[in-house]
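The primary structure of each chain is shown beneath.
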Amino acid sequence: MPHAELDHVLFGVPNLAEGMTLVQTRLGITPVQGGRHPGVGTHNALLSLGPRAYLEIIAPDPSQNVRDQDLPYGLAGLQKPRIITWAVRPADWQAHARQTQQLGLTSRLREGTRTRPDKVQLRWRSMQLVPPVTADRQDLTGLIPFAIEWQSAPHPATSAPGDLRLEALTLLHPQPHTLSSVVDALELPCDVDFAPKARMAARIQLEPGRTVTLA
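The following refers to the structure shown. For clarity, every value in this text was computed on a predicted model and none was experimentally measured.

What counts and how
Residues numbered from 1 in each chain as written. Predicted model: local features only at pLDDT ≥ 70, side-chain atom pairs only at ≥ 80, totals over all residues. Heavy atoms only, no water. Phe/Tyr/Trp six-rings, centres within 6.5 Å; stacked < 30°, edge-to-face > 60°. Helix = DSSP H or I, 4+ residues; strand = E, 2+ residues; numbered from the N terminus. Buried < 20%, exposed > 50% of the residue type's maximum accessible area, 1.4 Å probe, protein only. Lys NZ or Arg CZ within 6 Å of the ring centre and 35° of its normal. Pairing = 2+ DSSP bridges. Axes fitted to C-alpha atoms, helices over the stretch in contact; angles between N-to-C directions. Contact = heavy atoms within 4.5 Å.

## Structural notes on the packing of aromatic side chains
Evaluated as defined, the whole model comprises two aromatic pairs. The interplanar angle of 15° and the centroid separation of 5.7 Å between the aromatic rings of tyrosine 73 and phenylalanine 146 together place this pair among those described as stacked. Residue tyrosine 73 is found in the loop between β4 (54-60) and β5 (82-90), and its partner phenylalanine 146 is found in strand β10 (residues 146-150); the two are separated by 73 residues along the sequence. Overall, tyrosine 73 belongs to the partly exposed group, its relative accessible area being 26%. Its relative accessible area of 5% is what places phenylalanine 146 among the buried residues. The positively charged end of arginine 125 is found above the aromatic ring belonging to tryptophan 93, 4.1 Å away from the centroid.

## Observations regarding the pairing of strand β1 (residues 4-12)
Most of β1 sits inside the fold, with eight of its nine residues counted as buried. The pairing of β1 with β5 spans eight bridges and is classified as antiparallel. By the bridge assignment for β5, phenylalanine 11 is matched with isoleucine 83. Summarising the sheet, β1 and β4 pair through five bridges and their orientation is parallel. In the sheet register, leucine 10 faces β4, and the bridge partner there is glutamate 56.

## Comments concerning the sheet that holds strand β11 (residues 165-173)
Spatially, four strands are ordered β12-β11-β13-β14 in an open sheet, and the strand pairing comes out mixed. The two strands at the open ends of the sheet, each matched to only one other strand, are β12 (191-194) and β14 (210-214). Neighbour to neighbour, the strand axes of the sheet diverge by 25° on average, direction disregarded. Of the strand pairs in this sheet, β11 and strand β13 (residues 199-207) are connected by seven bridges, and their pairing is antiparallel. Bridge pairing in β13 places leucine 169 opposite alanine 202. Most of the contacts of helix α1 (residues 16-27) go to β14, to which it runs at about 150°, and overall it touches β13 and β14. The sheet strands contacting helix α3 (residues 176-186) are β11 and β12, and the helix crosses β12 at an angle near 170°.

Set out below in structure tokens:
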């Protein structure tokens, strides 16, 4: 199966304004407001991580009447900022869907829209994994990315600020061999390592020779 490409990394925050300030402090660039996700209950801000990759700062949107239990990616119970999941662009959408199913992972298709502050509307479809995401009785929720296909142009990375580059995304888990088996089967663009608690870490290049890790 062809490789999937990293599309974006989701940095979950309890409050968007505070999250934008945190990211600006860590990375030295102010994120741009992205917009609201209607009916989903979230809003976001973005920084470019390359020509077709970006960092999405995402938070609950208090202006939307969405129940906490319906918020995605565990945002309802999020106490402090952290990377909560990520997204990939499969080279072959159907092959990726078949492999996901063969791994025993349940997914659902979702159509999404977002209107930027400049009134440009973005449209996409995503293959969202239904939690809990497990393999060999190990919880991999959040570590295994959802798939996305952009149905409008331009890609969000092209309008987001930043001359940053994502050097590496590392998935950490107490059972890295189980995690690696899923990563290898889906041919995901990431590293896998051991940690006592499941988490993710993104090493971002600010300039040659200078990096910052978000986790």
